[in-house]
Amino acid sequence: MINFEIPKKIQAEAQMADMVAKQIMRPISRKYDEGEHERPVEFTNAMWPFLKQQEKARWAKIESGEVKPERDGPNWTILRLILMIEILSWGDAGIYLCTPNAGLGGAAVEAVGTPEQKERYMKRFSTGEPKWGAMAITEPNAGSDNSSMRTTAVLDEETNEWVINGEKVFITNGKLSLEESDGFCVVWATIDPDAGRAGIKSFVVEGGTPGVSIAKQEHKLGIRASDTVALHFKDVRVPFDSVLGSPDVQKTSKGFKGAMKTFDASRPAVAASAVGIARAALEFTQETLAEEGIVIDYTKPKHQLTAVERDLMEMEARYRGSWLLTLRATSQLAFGESNRLEASMCKARAGEAVTWITQKSVELLGPLGYSRETLAEKWMRDAKINDIYEGTKQINLLIVARSILGYSRRELK
Amino acid sequence: MLDFRLDEEQQMLADTVHRFAEEKMRKEFREAEELGKIPDDVVKAGWEIGLLPTGLPEEYGGFGEYSAVTNAIAMEEFSWGDFATTLRILGPNLVAMPVYLSGTDEQKAHYLPMFCDEAMPKVTAALTEKAIQFDPRNLKSTAVLDGDSYLLNGAKTLVPLAKDAELILVYANENGETQAFLVPAGSEGLEIGAKGKWMGINALPTYEVKLNDVRVSAANKLGGDAGIDFTQILNHSRIALGAAAVGLMRAGFEYARDYAKQRVQFGQPVAQYQSIAFMLAEMAIDVDEARLLVWEAAWMMDQGQDATAETTRMKFYLDDISVKVADQALQTLGGYGYIREYPVELWLRNARGLTHFDGIAMI
Ligand SMILES: Cc1cc2nc3c(=O)[nH]c(=O)nc-3n(C[C@H](O)[C@H](O)[C@H](O)COP(=O)(O)OP(=O)(O)OC[C@H]3O[C@@H](n4cnc5c(N)ncnc54)[C@H](O)[C@@H]3O)c2cc1C
């Protein structure tokens, strides 16, 4: 039954994120944009005790056997997360990315890890100091075409350890997870370069592992508060059972696909972040224009609207459309339905919409929009990343196109 | 609780309408457009699906409760079949809907039962005026109270089926507000003018209507003394038209998608070229996004919330993207898209036309 209402309980929980966004993130937004590579401690220190407590409660439930694998009805955990991401990104998208949690790496462990692996890698997020998780797929020569990656993992049969060698770039939270905390990074590498996709496996590399080094911290257009690094792996040894899923090279590319499954949740997550920035820019534009007496009169016919009013209305429609596409992909996950197509749809659309909306905002606000005294120009810079990571817009369109046309990867390149 | 799935009844309705659209509307719509007439049996069969009675309460002979969401679902499927035929079949809604939303108890009791009859009532509504600056909330046609009756004056255009209509709901400006009046055919001073010649939607005959001192009893003012809630009527109308736009977009998208898969150039289907494939992907996203925007506004209306902002921005946005998608569908077919043997050029004309229908209320 078609219904657009977010469950009340989840709405109430979102209020806490709203408070963090307003009271903690917004006041430091500009500070960490200018102080690139500094950790936003106001935010991380505020979030950690709360997230730690949540993890602790989750583990208590798992250990007491309270979590039943078969549930009745939708699982709204994912919706809660998506809502939180939207709100925190409204606060500041770069700072949001510094949330001390297992992040994308955690999603991979949860998606394909064994129960032992989950306990070994995830439980640390319920105790001690702040920690981060990361995921390293991209390489200098393997971006969109990530299956051509060259980082290798070779089994040393004497010690029963994997030896990882290679280079990864653009890794979000790479430094926070590997150097500045006892977190971990899920590193993708091939165990058989001739096997293509089938040879690609993911390995958990823990913080402080010898041989890992930060080769470079990137200087970026936006989301400057977010930690983005290049990683070098030189004879990095990890235990045999740090490989996620099966270590066999199968004929099929099942392992690769398993890891790809994390995209079903991470693409709506990126879309939600995009929507949060879009809403920030939209609200600020509306408020500022209202001070100048420009408020949309929805009872006017289209041809009596000014160009500014028309733009504003289109910004509203596109913001809303992206959010609804995101909520749809999210609700499919909650209902346990496949959302591969819809996850790419919302990601492609939201990344494009937020790029346009924030650019329009800077345009409509004139000198005020371009000024670094307000946040509009920053949101325009932050927005663009959503058109790029978790699959560029083109890559997501490719996925949508293959799906609607019934084409294989070979038929539509 | 957040959910984007049709319930069982909605799915059944969608399937029924879709079957009709595919088996009947899609078979006749091209000829109907060229001849300017929709076959009677198609209209009859469409009416017999009974969308209107499913949205009217039992006391008036219906068997349901009105839901803007359910209506949008049906509307999309109808319009996927053909937009002009949809307007023809759902023409009676032009009167039924405003009466249901704004009529007095007496007016409802008097007028609504005929919409649950087997025979399609011959009624229509006159809102649009021939003005570039047309504003449904600031009409040029006037209504002036004179004793216990109203005098109506003005000129209307795009009035569907006016020639055969027995009753016309005329919208006019009374002291700066849009009000509606039930005008019987043959009223003195009511003049049905020339049949309109349009770029598209010609299967549905529309007429100019002139009102020269047409006198109607004050009892014929919709909503009695209080009048109508025009914004609410307009909102419902825009949702219905939005859903129709989604149906049109989807028709174009699906046709282009299937065509591109079988049209071979340079040794492979053109769908295998990214510039075509990506265009189709964007079209697919446009269709889904548009539908969600329509449904959200409709759902808000069903919850009794004010959805004026949502409805307005949805309609204006869809006006743009429905024409864009229709154009992209045509582009996908290349030269064949320009040829009248193929449906897509008509869909482009209809999409353009749809943006000019504003405030023509339909359930
Ligand atoms: C700030 C930031 C954070 C990031 N975080 C992470 C992270 O945490 N972990 C991680 O693994 N990666 C991360 N990335 C990497 C990101 O996922 C890649 O940048 C992205 O996948 C694109 O790869 P590329 O940069 O090599 O571009 P390329 O793949 O070289 O693409 C160049 C252009 O070609 C287009 N293109 C490529 N292939 C096709 C095709 N088949 N059809 C049509 N067009 C195509 C692309 O859309 C793009 O426009 C991050 C990147 C940035 C900038």
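Owing to the predicted nature of the structure, the values given are computational and were not obtained by experimental measurement.

Topic: the packing of helix α1 (residues 8-35) of chain B against helix α4 (residues 68-81) of chain B
Residues and elements named next belong to chain B.
Reasoning step 1: As a packed pair, α1 and α4 sit with axes 7 Å apart at the nearest point and diverge in direction by 20°. Looking at the two axes, α1 sits roughly parallel to α4. Helix-helix and strand crossings are classified by hand; for α1 and α4 the assignment is right-handed. Contacts between α1 and α4 pair Gln-10, Leu-13, Ala-14, Val-17, His-18, Phe-20, Ala-21, Glu-22, Met-25, Arg-26 and Phe-29 from the former with Val-69, Thr-70, Ile-73, Ala-74, Glu-77, Phe-78, Trp-80 and Gly-81 from the latter.
Reasoning step 2: Split by residue class, the contact of α1 with α4 holds 12 nonpolar, 4 polar and 3 charged.

Details of the domain arrangement of chain B
Residues and elements named next belong to chain B.
Reasoning step 1: One can read the domain layout of chain B as domain 1 (8-116), domain 2 (123-226) and domain 3 (230-356).
Reasoning step 2: Contacts between domain 2 and domain 3 engage 9 residues on the former and 11 residues on the latter.
Reasoning step 3: Taking both partners together, domain 2 and domain 3 bury about 850 Å²; carbon and sulfur atoms supply 66% of that area.
Reasoning step 4: When the area that domain 2 buries against domain 3 is broken down by residue, the three leading residues are Arg-137, Met-199 and Ile-201, summing to 57%.

Let's talk about the packing of aromatic side chains
The description of two aromatic rings rests on the distance between their centres and on the angle between their planes.
Reasoning step 1: What the rule picks out here adds up to 16 aromatic pairs over all chains.
Reasoning step 2: Seen in terms of ring centroids, A:Trp162 and A:Phe203 are 5.2 Å apart; in terms of plane orientation they differ by 65°. Their pairing is edge-to-face. Pair noted here: A:Trp162 is in strand β3 (residues 161-172) and A:Phe203 is in strand β5 (residues 200-206), with a separation of 41 residues, a long-range link.
Reasoning step 3: Taken together, a centroid distance of 6.4 Å and an interplanar angle of 90° make the contact between B:Tyr259 and B:Tyr342 edge-to-face. Taken together, the positions of B:Tyr259 in helix α8 (residues 230-262) and B:Tyr342 in the loop between α10 (308-332) and α11 (344-354) put the pair 83 residues apart, joining distant regions of the chain.
Reasoning step 4: The exposure class of B:Tyr259 is buried, given its relative accessible area of 9%.
Reasoning step 5: Cluster of aromatic residues (ring-pair linked, three or more members): A:Phe4, B:Phe4 and B:Trp299.
Reasoning step 6: One cation-aromatic arrangement involves A:Arg267 over A:Phe263; the distance from NZ or CZ to the ring centre is 4.1 Å.

Regarding helix α12 (residues 376-383) of chain A
Residues and elements named next belong to chain A.
Reasoning step 1: Burial of α12 is extensive: 7 of the 8 residues sit out of reach of the surface.
Reasoning step 2: When α12 is considered as a whole, its buried residues turn out to be Ala-376, Glu-377, Lys-378, Trp-379, Arg-381, Asp-382 and Ala-383.
Reasoning step 3: Where α12 is buried, its residues touch α1 (8-34), α3 (77-96), α8 (262-291), α10 (340-364) and α11 (367-370).

Focus on the domain arrangement of chain A
The accessible area lost on association of the parts is a frequent measure of interface size.
Residue and element names in this part refer to chain A.
Reasoning step 1: Partitioning chain A into structural domains gives domain 1 (8-126), domain 2 (133-252) and domain 3 (256-405).
Reasoning step 2: Taken residue by residue, the interface counts 12 residues in domain 2 and 12 residues in domain 3.
Reasoning step 3: Interface area, domain 2 with domain 3, both sides summed: about 990 Å², of which 70% is carbon and sulfur.
Reasoning step 4: On the domain 2 side of the interface with domain 3, the three residues burying the most area are Trp-188, Leu-221 and Ile-223, jointly 45% of the side's total.
Reasoning step 5: For the interface between domain 2 and domain 3, the tally reads 0 salt bridges.
Reasoning step 6: For the pair domain 2 and domain 3, the interface holds 2 residue pairs in polar contact (both at pLDDT 80 or more).

Notes on the interface of chain A and chain B
Reasoning step 1: Contacts between chain A and chain B engage 47 residues on the former and 46 residues on the latter.
Reasoning step 2: Taken together, the two surfaces of chain A and chain B that pack against each other cover about 4700 Å², and 64% of this comes from carbon and sulfur.
Reasoning step 3: Of all residues in chain A, the largest losses of buried area upon contact with chain B belong to A:Ile2, A:Phe4 and A:Arg349, amounting jointly to 16% of the total for that side.
Reasoning step 4: At the boundary of chain A and chain B, one finds 8 salt bridges.
Reasoning step 5: Put simply, A:Glu337 and B:Arg5 hold a salt bridge, and the shortest N to O gap is 3.2 Å.
Reasoning step 6: There are 21 residue pairs in polar contact (both at pLDDT 80 or more) connecting chain A and chain B.

Looking at the packing of helix α4 (residues 103-112) of chain A against helix α5 (residues 115-122) of chain A
Residue and element names in this part refer to chain A.
Reasoning step 1: Two numbers describe how α4 lies on α5: the axes approach to 8 Å, and their chain directions differ by 160°. What the angle tells us is that α4 and α5 run roughly antiparallel. By crossing handedness, the relation of α4 to α5 is classed as left-handed. Contact with α4, carried on its side by Gly-106, Val-109 and Glu-110, involves Gln-117, Lys-118 and Met-122 of α5 and no other residues of that element.
Reasoning step 2: Residues that form the contact of α4 with α5 fall into these classes: 2 nonpolar, 2 polar and 2 charged.

Structural notes on the site of the ligand
Reasoning step 1: In the region of the ligand, 20 residues are neighbours, and A:Thr138, A:Ser144, A:Phe170, A:Thr392 and B:Gln274 sit closest.
Reasoning step 2: More than one chain lines the surroundings of the ligand; the residues nearby belong to chains A and B.
Reasoning step 3: Between the ligand and the protein, one listed contact pairs a nitrogen atom with a backbone N or O atom of A:Met135 at 2.8 Å.
Reasoning step 4: Within the contact set of the ligand, an oxygen atom lies 2.6 Å away from a side-chain nitrogen or oxygen of A:Ser144.
Reasoning step 5: Elements represented by at least two residues in the shell around the ligand include exactly β1 (133-136), β3 and α13 (393-405) of chain A.
Reasoning step 6: Three or more residues apiece are contributed to the shell around the ligand by two domains, here domain 2 (133-252) and domain 3 (256-405) of chain A.

Section: the confidence of the model for chain B
Reasoning step 1: Averaged over every residue, the pLDDT of chain B is 95; residues scoring 70 or more account for 98%.
Reasoning step 2: Among the scores for the predicted complex, ipTM is 0.96 and pTM is 0.97.

Looking at the side chain of B:Arg250
All names here are of chain B.
Reasoning step 1: With respect to the secondary-structure elements, Arg-250 resides in helix α8.
Reasoning step 2: We classify Arg-250 as buried; its relative accessible area is 11%.
Reasoning step 3: Each residue touching Arg-250, except ones within four places of it in the same chain, is listed here: His-18, Glu-76, Glu-77, Trp-80, Val-287 and Arg-291.

A word on the pattern of salt bridges
Reasoning step 1: This structure, assessed with the given rule, holds 65 salt bridges over all chains.
Reasoning step 2: In this structure, the salt-bridge partner of B:Asp320 is A:Lys302, at a minimum N-O distance of 3.2 Å. Here the residue B:Asp320 occupies a position in helix α10, and A:Lys302 occupies one in the loop between α8 and α9 (307-334), the pair thus bridging two chains.
Reasoning step 3: Given the relative accessible area of 18%, A:Lys302 is considered buried.
Reasoning step 4: Where salt bridges share partners, they join A:Arg349, A:Glu352, A:Lys384, A:Asp387, A:Lys393, B:Glu282, B:Asp286, B:Glu289 and B:Lys324 into one cluster.

Concerning the nonpolar core
Reasoning step 1: In this structure, A:Leu405, B:Tyr171, B:Leu280, B:Val294 and B:Leu318 are the most contacted members of the largest nonpolar core, which totals 192 residues.
Reasoning step 2: For this core, the element with the highest residue contribution is helix α9 (residues 274-302) of chain B, accounting for 20 residues.
Reasoning step 3: Of all hydrophobic cores here, the second largest spans 20 residues; its members include A:Ala108, A:Phe125, A:Val186 and A:Phe263.

How each quantity is defined
Residues numbered from 1 in each chain as written. Chains lettered and ligands numbered in written order. Predicted model: local features only at pLDDT ≥ 70, side-chain atom pairs only at ≥ 80, totals over all residues. Heavy atoms only, no water. Axes fitted to C-alpha atoms, helices over the stretch in contact; angles between N-to-C directions. Helix = DSSP H or I, 4+ residues; strand = E, 2+ residues; numbered from the N terminus. Parallel < 35°, antiparallel > 145°, perpendicular 65-115°, else oblique. Left-handed = near helix turned anticlockwise from the far one by under 90°. Contact = heavy atoms within 4.5 Å. Nonpolar A, V, L, I, M, F, W, Y, C, P; charged D, E, K, R; others polar. Domains from an automatic or database assignment. Buried area = accessible area lost by both parts, 1.4 Å probe. Phe/Tyr/Trp six-rings, centres within 6.5 Å; stacked < 30°, edge-to-face > 60°. Buried < 20%, exposed > 50% of the residue type's maximum accessible area, 1.4 Å probe, protein only. Lys NZ or Arg CZ within 6 Å of the ring centre and 35° of its normal. Salt bridge = Lys/Arg side-chain N within 4 Å of Asp/Glu carboxyl O. Polar contact = N/O pair within 3.5 Å; in protein donor to acceptor, adjacent residues only side chain to side chain. Near = heavy atom within 4 Å. pLDDT = per-residue confidence, 0-100. Core = buried A, V, L, I, M, F, W, Y, C linked by side-chain atoms within 4.5 Å.

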